[in-house]
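# Structural characterization, general
Here is how the chains run, residue by residue.
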Amino acid sequence: MSTTKSPRRVLQYGYLIGLLTLRPYSSKYSRKTFSQPQLFACLVLKEFLQFDYRKVSALLRDAPNLAAVIELETVPHFTTLQKAAARLLTFQPARRLLDQTIRVAKKQRRLPRTVPLAAIDGTGLETRHASSYYVRRRANNGKYWHLTTFRRFPKAGLLCDCRSHLILAAVPGRGPGPDILHFRTALDQALSRVRIATLAADAGYDAEHAHQFARQQRGVRSLIPAKIGRRTTKPASGYWRRQMQSRLHLTRYHQRWQIETVNSMLKRLQGSALRARSYWSQCREILLRTITHNVMILRPSEDFYRAG
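Scope of this entry: the structure provided in the associated data block. (Residues numbered from 1 in each chain as written. Predicted model: local features only at pLDDT ≥ 70, side-chain atom pairs only at ≥ 80, totals over all residues. Heavy atoms only, no water.)

Let's shift gears to the packing of aromatic side chains. Tallied over the full model, the rule gives three aromatic pairs. Between Phe183 and Tyr205, the aromatic rings sit 5.9 Å apart at their centres with planes inclined by 50 degrees, giving tilted as the arrangement. Taken together, the positions of Phe183 in helix α8 (residues 183-191) and Tyr205 in the loop between β4 (195-201) and α9 (208-217) put the pair 22 residues apart, joining distant regions of the chain. Positioned above the aromatic ring of Trp240 is the side chain of Arg215, whose terminal nitrogen or guanidinium carbon lies 4.3 Å from the ring centre. (Phe/Tyr/Trp six-rings, centres within 6.5 Å; stacked < 30°, edge-to-face > 60°. Helix = DSSP H or I, 4+ residues; strand = E, 2+ residues; numbered from the N terminus. Lys NZ or Arg CZ within 6 Å of the ring centre and 35° of its normal.)

Interhelical geometry of helix α2 (residues 36-49) versus helix α12 (residues 279-297) gives an angle of 90 degrees and a closest axis separation of 9 Å. Between α2 and α12, the angle is such that the two are roughly perpendicular. Contact residues: α2 offers Phe40, Leu43, Val44, Glu47 and Phe48, while α12 offers Glu285, Leu288, Arg289, Ile291, Thr292, Val295 and Met296. The residue makeup of the contact of α2 with α12, split by class, is eight nonpolar, one polar and three charged. (Axes fitted to C-alpha atoms, helices over the stretch in contact; angles between N-to-C directions. Parallel < 35°, antiparallel > 145°, perpendicular 65-115°, else oblique. Contact = heavy atoms within 4.5 Å. Nonpolar A, V, L, I, M, F, W, Y, C, P; charged D, E, K, R; others polar.)

Turning our eyes to something else, we now look at the packing of helix α1 (residues 7-21) against α2. Running from N to C, α1 and α2 cross one another at 140 degrees; their axes reach a closest spacing of 8 Å. In this structure, α1 crosses over α2, and the sense of that crossing is right-handed. Touching Pro7, Val10, Leu11, Gly14, Tyr15, Ile17, Gly18 and Leu19 of α1 are Pro37, Gln38, Phe40, Ala41, Cys42, Val44, Leu45, Phe48 and Leu49, all from α2. For the contact of α1 with α2, the class distribution of residues is 14 nonpolar, three polar and no charged. (Left-handed = near helix turned anticlockwise from the far one by under 90°.)

For the coordinates displayed, the defined rule picks out two cavities of 30 Å³ or more. Looking at the largest cavity, its volume works out to about 80 Å³. For the largest cavity, the full set of lining residues is Thr123, Leu125, Ala156, Leu158, Asn263, Leu266, Lys267, Gly271, Ile286, Arg289 and Thr290. Looking at the lining of the largest cavity, the elements with two or more residues in it are β2 (153-161), α11 (258-270) and α12. The class makeup of the residues in the lining of the largest cavity is five nonpolar, four polar and two charged. Taken as a whole, the second largest cavity spans an internal volume of roughly 70 Å³. Listing elements by their share of the lining of the second largest cavity, those giving two or more residues are α6 (91-107) and β3 (167-175). Top element by residues in the lining of the second largest cavity is α6. It accounts for four residues. Looking at the lining of the second largest cavity residue by residue, the class counts come to six nonpolar, one polar and two charged. (1 Å grid on protein atoms, 1.4 Å probe; cavity = no way out; pocket = protein on both sides within 12 Å on 5 of 7 lines; lining within 4 Å. Points joined across faces, edges and corners; volume = space filled by probe spheres on them.)

What follows is about the pairing of β3. Burial analysis of β3 places seven of its nine residues in the buried class, which makes it a mostly covered element. With eight bridges connecting them, β2 and β3 associate as antiparallel partners. Within β3, the position partnered with Cys160 by the bridge is Ile167. (Buried < 20%, exposed > 50% of the residue type's maximum accessible area, 1.4 Å probe, protein only. Pairing = 2+ DSSP bridges.)

By themselves, these are just geometric observations and shouldn't be taken as functional.
Below is the structure:
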């Protein structure tokens with residue numbers, strides 16, 4: 001799936017998503033130097049270019065034609081961008097921004113009203129920019145305090161449309177931990193944005209209660225291989241898990257790898273390491289990356305410009 005590669009286009013789309021979602025100013029007593037959509041567009045550009053707050057502020061200062069795309073007369077200080085991220089990327093505003101990207105995708109007919117096949121998976125992220133080679137060498141140098149290199153790491157549960165690679169739901173958290181913990185939350189978030197006919201997941205979500213929740217309570221056909229537990233020749237416990245043992249090969253489960261493509265896109269295009277250090281800052285950065293991912297996929301549309 002091709003994505004938008006121009007920083008100018010990504011900045012423009014981020015600005016328009018902000019215009020459609022956010023209020024111009026957070027308070028009537030605001031100084032009104034920068035609007036909330038402008039600051040959000042700067043944050044999207046930061047993630048797209050894999051910059052920190054200082055670098056994106058310097059870039060806008062050195063490229064006035066880029067700042068003019070979002071009607072910036074004065075470039076915000078990097079501390080202004082940091083405070084805007086803490087305010088605009090909390091749960092409710094970030095959820096509304098992700099909702100807006102899905103609405104725009106529907107308007108562009110990139111996303112149907114009912115998604116035929118979606119996939120869910122968890123992915124881990126890094127907290128530092130050390131290479132994997134350095135981590136392996138550091139772990140094998142024979143010193144007992146270097147044997148364990150990473151105990152906790154940021155983790156995100158992502159649910160995507162297999163055709164367009166748009167992210168329909170994102171649940172940030174911390175690993176290591178079982179993927180099934182975010183199954184219900186991610187599915188409910190996605191269903192609040194679009195209808196889903198079939199959901200594919202790997203064996204990390206294998207549980208009878210997961211099938212019952214998806215099929216009986218939410219009306220979504222779940223495809224999960226019954227592989228949890230020790231290997232045995234006995235039939236799996238639970239009605240739906242036994243159905244998966246005998247009928248999964250007849251379904252479209254082989255398209256589940258599309259969520260692996262989305263994980264790869266996130267890490268290749270925006271980096272696998274987070275710049276944030278605290279837990280809540282990492283959650284906000286994960287949500288910003290998912291929104292930026294959707295913005296990069298959205299294509300030009302006259303209706304979208306007219307809506308802005």
